[in-house]
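The primary structure of each chain is shown beneath.
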Amino acid sequence: MSAESEKFNLSEWIFTTDHKRIGVMYLIGSIAAFGVAGIMAILIRIEQSSLGPTLADDALTAGQQYNEWLYFHGAAMILAFLIPGLTGFAANYFLPLMIGAADVAFPRINALSVWLFWCGIIVALLGFVIPDTPDIMWTGYPPYSILTGGNTAFYVFTVHLLGFASILGAVNFLVTVIYMRAPGMGWNQLNMFVWSTVTAFVIQLVFVPVLAAAVTMLLFDKYLGTHFFDPSAGGDVLLYQNLFWFYSHPAVYVILLPALGILYEVVATFSKNKIFNYKAGVYGGMWGVVLISGEVWVHHLYISGMPNWIRVGMMISTLLISLPVGLLAISLFGTLYKGAITFELPMKYAISCLFLFLIGGLTGIPLAITALDLHLSETSFIHAHFHYIMGIFATFSVFAAVYYWFPKMTGRMFNEKLGTIGFWLNFIGVNVTFLPLFKIGIDGMPRRYWNYEMFPQFETWHFVAMIGALLVAAGMLLTVSNWIISAFNGEPASDNPWKSKSLEWTHTVSPPGPGNFLKPVEVETDWTPYDYRK
Amino acid sequence: MKKMLATLTGIALVVSSAIVMASESSDTIKDPAEEWQHLWTEVLVDLYILGGIFGALAIYWLFKYRAKDPDAVGDGPNLSRAQVWAWAIVPCVLFLADDLYLGASGWSAWNVYRNVPENAMEVKVTGSMWNWEFEYEDGTTSTYDVDGDEGEKGDGLVVPVGTPVALRMTSTDVIHSFGLTKYRVKEDLMPGRVTYIWFYPKEEAKSWVTCTEFCGASHARMYAPVKAIPQAKFENWLAKRAKEEAEE
Ligand code: HEM
Ligand SMILES: [Cu+2]
Ligand SMILES: [Cu+2]
């Protein structure tokens, strides 16, 4: 995509082992998934915008198609957009550059991983062309996912492919960071984004196999007649939920950590400042999250009839997440302190993320408290909570990343004006969509409901939420078209337009060629990527 | 220091409330919905304080430290070893105190949610795709048909005002969940397992139970009215229902 690019050659891209091209392929795939899942979101919002069936003639059709859209929306956004966007695209392109490496440790395994990712996306999309589209929500709870006429197998195989891609990535990047750092680069000189990727991949490596096992058992129960989850034959209905959340709670940190990692980079660069209390952020914050991530999953089963002692116990462990997350917040917000702050587009996204992070994180606290959750669980309140912290916060951090590194990846500048209009549409739109959901959630609007004839008083707010979603749709269109147009026609950018001190900006051209650096990188013992005062 | 105090008070409160609860007679029944409201308000204050501190600081700093000229660089503090530890430990202690305080309040509310009063009326609830069935202690049942003609839908769950209602719940097929917004309770119904919750209708009211665990195409239409009516009316209704059922 560079200015002086040679003729485009598709097979060169498909068979590439260059981590930067692999990163771009991850980006294209995950943005494609984001687009399709986004269209589903608009359909869902339109269906809910008025009482009664809006996009169908009868209730049964409305319910069935709504469930299929919602399934794809959730599964694709998490598994095919956020996780690959953060740990696939961003880590692939920038982690080797940040540590001064020429590539990852196992370039060919890296290529395999992106192929598996693309296969996963294709299998997920095939779900729409087969007769019985999966309709099991991204959580896929049995017995419904086993009894349904929908093709649960497409869900299972998507999880397998994407999970396998992620495990390969995890091994690859952990080895890369351990063995391929530039000579002289100690552990306390790593970029925050590098640490966030390391910790996210540690979590993936430990927990993905559990999810893979859980969905494989679904497959066996549904198609091979086993009874893992069937109580009438000695199985256990709750086993799946435990396994699923044993992975999927940590998975929210696989999204949260790299998203925060990106924000540290952007905030530090546009404040020209060092990270506030780096060590507390890394060792207390990120590793603290890893440590606690596996002991809190029952907060997703508060209403499932788990024994009382474990519901109270996991209330305490869930509340304790506030310790490492608090440290992360302090070092992130603290990086603004005594900075020299400028407000270019990536920074606009980063600042909005601070806001989204506060709302999303704080609304997690009432949910952690078992008694409060017995009312809030499975309502629009949950829906709004995890959209703030995961849906929008992490998505905006991906956008911040693309804009921040756009000059590095393309050698060109994006269109700031177009981007800014897109930003405001996005930011206003998401708040118009999701703030009302907190309110109607507290008042009892159930989640995953296309129909709410028993609560007609919620119609106005649902309509408002649809308007918000349309604003976001417009904002996203502007944003993505800005990227595409500017990648080919933008103003040429210098190698380090933001005057960052991080290696990917200081030590190589934009975009970096094969091998990344013109000569091998070495760093001084007192070098850090946030060394603005020198 | 305040938080520490609050925590210690919180712990003391739990211990004392446990003692009080053990010695209390059943005529002072605590209502889960009220406990919920109380705790919610408490937590909201906490959230506003935390959000206020971080939000206000961020806004102030963004304003105060905007770059004065294009080449300006930041001047963030170089923390000494002791400061590094202090900036990790002090916030952790504060957060921990807050957590324990909330945990203590949460625990005492939880005890109210899970300890069914002795004089509760028991109703068996069975969920299936996609309707609710309620069975009273005398074996009488009641349901609700969302597609029925007006006046023929059925009555749903009818309960007497002033009596705590305990629900013993199970499912015949997939997982459902009994979500009763008005009384702030919710719990899943599962095949092969029995779960329970209770609520306390203190005045005449009509509300809705909605299914709150995804269960397929008509999940969003799995609802039924919950009517709390005076004791005498309730007894009449139950007798009438019993007779209807005998005739069916
Ligand atoms: C800051 C501390 C947090 C706390 C205390 C917290 C607490 C909770 C709780 C208790 C639930 C379950 C509620 C229910 O289903 O009844 C929940 C749901 C959820 N949370 Fe959080 N959360 C926090 C942060 C996060 C983060 C950082 C993410 C993602 C990056 C996240 C993503 C989600 C998602 C996706 C769900 C819904 C899952 C589903 O049922 O489909 N949360 N949260
Ligand atoms: Cu969780
Ligand atoms: Cu349901």
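Okay, so let's go over this structure. (Residues numbered from 1 in each chain as written. Chains lettered and ligands numbered in written order. Predicted model: local features only at pLDDT ≥ 70, side-chain atom pairs only at ≥ 80, totals over all residues. Heavy atoms only, no water.)

1. Considering the overall build of chain A
Scanning chain A from N- to C-terminus turns up 17 helices and zero strands. Expected size for 534 residues packed as a compact globule is a radius of gyration near 24 Å; at 23 Å, chain A falls within 12% of this value. Taken along the three principal axes of its C-alpha coordinates, chain A extends 65 × 50 × 45 Å. The buried share of chain A, taken over its 534 residues, is 66%. Here the analysis covers contacts within chain A between residues at least 6 apart in sequence; of these, 82% occur between residues at least 24 apart. Surface exposure of chain A reaches about 17,500 Å², of which carbon and sulfur atoms provide 70%. (Helix = DSSP H or I, 4+ residues; strand = E, 2+ residues; numbered from the N terminus. Rg over C-alpha atoms; globule rule 2.2 N^0.38 Å. Buried < 20%, exposed > 50% of the residue type's maximum accessible area, 1.4 Å probe, protein only. Contact = heavy atoms within 4.5 Å. Areas by Shrake-Rupley, 256 points an atom, 1.4 Å probe, with all protein chains shown as cover.)

2. Details of the interface of chain B and chain A
Contacts between the two partners involve 73 residues from chain B and, on the opposite side, 83 residues from chain A. Roughly 7,000 Å² of surface becomes buried between chain B and chain A when both sides are summed, with 70% attributable to carbon and sulfur atoms. Scanning the region where chain B abuts chain A turns up five salt bridges. Two residues, R221 of chain B and E453 of chain A, come together in a salt bridge whose shortest N-O distance is 3.5 Å. Along the contact surface separating chain B from chain A lie 28 residue pairs in polar contact (both at pLDDT 80 or more). Listing elements by their share of the side of chain B that touches chain A, those giving two or more residues are α2 (32-64), α3 (81-114), β7 (185-189), β8 (195-199) and β9 (205-211) of chain B. When residues in the side of chain B that touches chain A are grouped by element, the largest group, 16 residues, is from α3 of chain B. (Buried area = accessible area lost by both parts, 1.4 Å probe. Salt bridge = Lys/Arg side-chain N within 4 Å of Asp/Glu carboxyl O. Polar contact = N/O pair within 3.5 Å; in protein donor to acceptor, adjacent residues only side chain to side chain.)

3. Some points on the coordination of the copper ion (ligand 2)
Residue and element names in this part refer to chain A. Around the copper ion (ligand 2), the protein contributes the donor atoms H249 (ND1), H299 (NE2) and H300 (NE2), which lie 1.7 to 2.0 Å from the metal centre. Written as a sequence motif, the donor residues of the copper ion (ligand 2) are H-x49-H-H. Here the copper ion (ligand 2) and the iron atom of ligand 1 are spaced 4.7 Å apart. (Donors = N, O, S within 2.8 Å, 3.2 Å for Na, K, Ca; no water.)

4. Details of the packing of helix α7 (residues 192-224) of chain A against helix α9 (residues 278-293) of chain A
Residue and element names in this part refer to chain A. Contact pair α7 / α9: the axes reach a minimum separation of 10 Å and the direction vectors enclose 10°. Overall, the two elements α7 and α9 adopt an arrangement that is roughly parallel. Remark: the crossing between α7 and α9 carries right-handed chirality. Where α7 abuts α9, its residues M192, W195, S196, V198, T199, V202, I203 and F207 lie against Y278, G281, V282, Y283, M286, W287, V290 and S293. Looking at the contact of α7 with α9 residue by residue, the classes come out as twelve nonpolar, four polar and no charged. (Axes fitted to C-alpha atoms, helices over the stretch in contact; angles between N-to-C directions. Parallel < 35°, antiparallel > 145°, perpendicular 65-115°, else oblique. Left-handed = near helix turned anticlockwise from the far one by under 90°. Nonpolar A, V, L, I, M, F, W, Y, C, P; charged D, E, K, R; others polar.)

5. Considerations on the coordination of the iron atom of ligand 1
There is one protein donor for the iron atom of ligand 1, and it is H385 of chain A (NE2), at 2.3 Å. When you line up the elements, H385 of chain A lands in helix α14 (residues 380-410).

6. Quick notes on the packing of helix α2 (residues 19-48) of chain A against helix α4 (residues 107-126) of chain A
Residues and elements named next belong to chain A. Here α2 crosses α4 at 15°, and the two axes come no closer than 10 Å. When the axes of α2 and α4 are compared, the pair comes out roughly parallel. You can see that α2 and α4 cross each other, and the crossing is left-handed. Packed against α2, whose contacting residues are H19, I22, M25, Y26, I28, G29, S30, A33 and V36, the element α4 presents P107, N110, A111, S113, V114, F117, W118, I121 and L125 at the interface. Its residues assigned to classes, the contact of α2 with α4 shows 13 nonpolar, five polar and no charged.

7. Some points on helix α15 (residues 416-442) of chain A
Residues and elements named next belong to chain A. Helix length check: α15, at 27 residues, gives a terminal C-alpha distance of 39 Å against a target of 39 Å (1.5 Å per residue), a fit within 8%. Taking the backbone nitrogen of K417 as reference, a side-chain oxygen 3.0 Å away marks N415 as the first, capping residue of α15. After α15 finishes, the residue G444 shows a positive phi value of roughly 110°. (Expected span 1.5 Å × (residues − 1).)

8. Some details on the environment of V90 of chain B
All names here are of chain B. Mapped onto the elements of the fold, V90 is located in helix α3. Judged by relative accessible area, V90 falls into the partly exposed class, the value being 48%. Separated by 68 residues in the primary sequence, V90 and V158 have C-alpha atoms spaced 53 Å apart.

9. Observations regarding the site of ligand 1
All names here are of chain A. Taken together, 19 residues lie around ligand 1, and D373, S377, H385, F386 and R447 are the ones closest in. Within the side chain of W138, one N or O atom sits 3.2 Å away from an oxygen atom of ligand 1. Elements represented by at least two residues in the shell around ligand 1 include exactly α8 (237-271), α12 (345-368) and α14. The leading source of residues in the shell around ligand 1 is α14, at five residues. Of the residues contributing to the shell around ligand 1, the split by class is ten nonpolar, seven polar and two charged. (Near = heavy atom within 4 Å.)

10. Section: unusual backbone geometry
Residues apart from glycine generally show negative phi values, whereas peptide bonds are mostly found in trans. Backbone torsion omega between P142 of chain A and P143 of chain A reads 0°, so that peptide bond is classified as cis. Structurally, P143 of chain A is set in the loop between α4 and α5 (144-147). Of note, the amide linkage connecting M129 of chain B to W130 of chain B takes the cis form, showing an omega dihedral of -10°. Even without a glycine there, the phi angle at K338 of chain A is positive, about 60°. On the basis of relative accessibility, which here comes to 34%, the residue K338 of chain A falls in the partly exposed class. With a phi angle near 60°, R448 of chain A is a residue other than glycine that sits in the positive phi range. Mapped onto the elements, R448 of chain A comes out in the loop between α15 and α16 (459-489).

11. Overview of helix α6 (residues 152-179) of chain A
In this model, α6 of chain A (28 residues) spans 41 Å end to end at C-alpha, consistent with the 40 Å of a helix rising 1.5 Å per residue. Here α6 of chain A lies mainly inside the structure; 20 of its 28 residues are buried.

12. Notes on a nonpolar patch on the surface
Residue and element names in this part refer to chain A. The grouping of F8, L10, I14, F15, L112 and W115 at the surface amounts to a nonpolar patch, some 640 Å² of accessible area in total. Of all the elements in the fold, those that place two or more residues in the nonpolar patch are α1 (10-14) and α4. Looking at the secondary structure, you find F15 in the loop between α1 and α2. (Patch = residues over 30% accessible without salt bridge, like charges linked within 9 Å, V, L, I, M, F, W, Y side chains within 5 Å.)

13. Quick notes on the pairing of strand β6 (residues 176-180) of chain B
Residue and element names in this part refer to chain B. The buried fraction of β6 amounts to five of the five residues, a majority that puts the element mostly inside the structure. The two faces of β6 match: H176, F178 and L180 on one face and S177 and G179 on the other face are all buried. Looking at chain direction, β6 and β7 are connected through five bridges and run antiparallel. Bridge assignment links L180 to a residue of β7, and that residue is V185. Hairpin connection between β6 and β7: a loop of four residues separates the two successive antiparallel strands, and R184 in this loop has a positive phi of roughly 60°. (Pairing = 2+ DSSP bridges.)

14. Remarks on the sheet that holds strand β4 (residues 157-160) of chain B
To summarise the sheet geometry, strands pair through backbone hydrogen bonds and adopt either a parallel or an antiparallel arrangement. All names here are of chain B. Across the sheet, five strands lie side by side as β4-β10-β9-β6-β7; this open sheet has mixed pairing. If you trace the sheet from one side to the other, it starts and ends with β4 and β7, each paired once. Averaged over all pairs of adjacent strands, the angle between strand axes in this sheet comes to 20°, irrespective of strand direction. Bridge count for β6 against β9 is three bridges, and the pairing is antiparallel. The residue of β9 that forms the bridge with F178 is C211. Its contacts with the sheet put helix α4 (residues 231-247) on β4 and β10 (223-229), and the angle it makes with β4 is roughly 140°.

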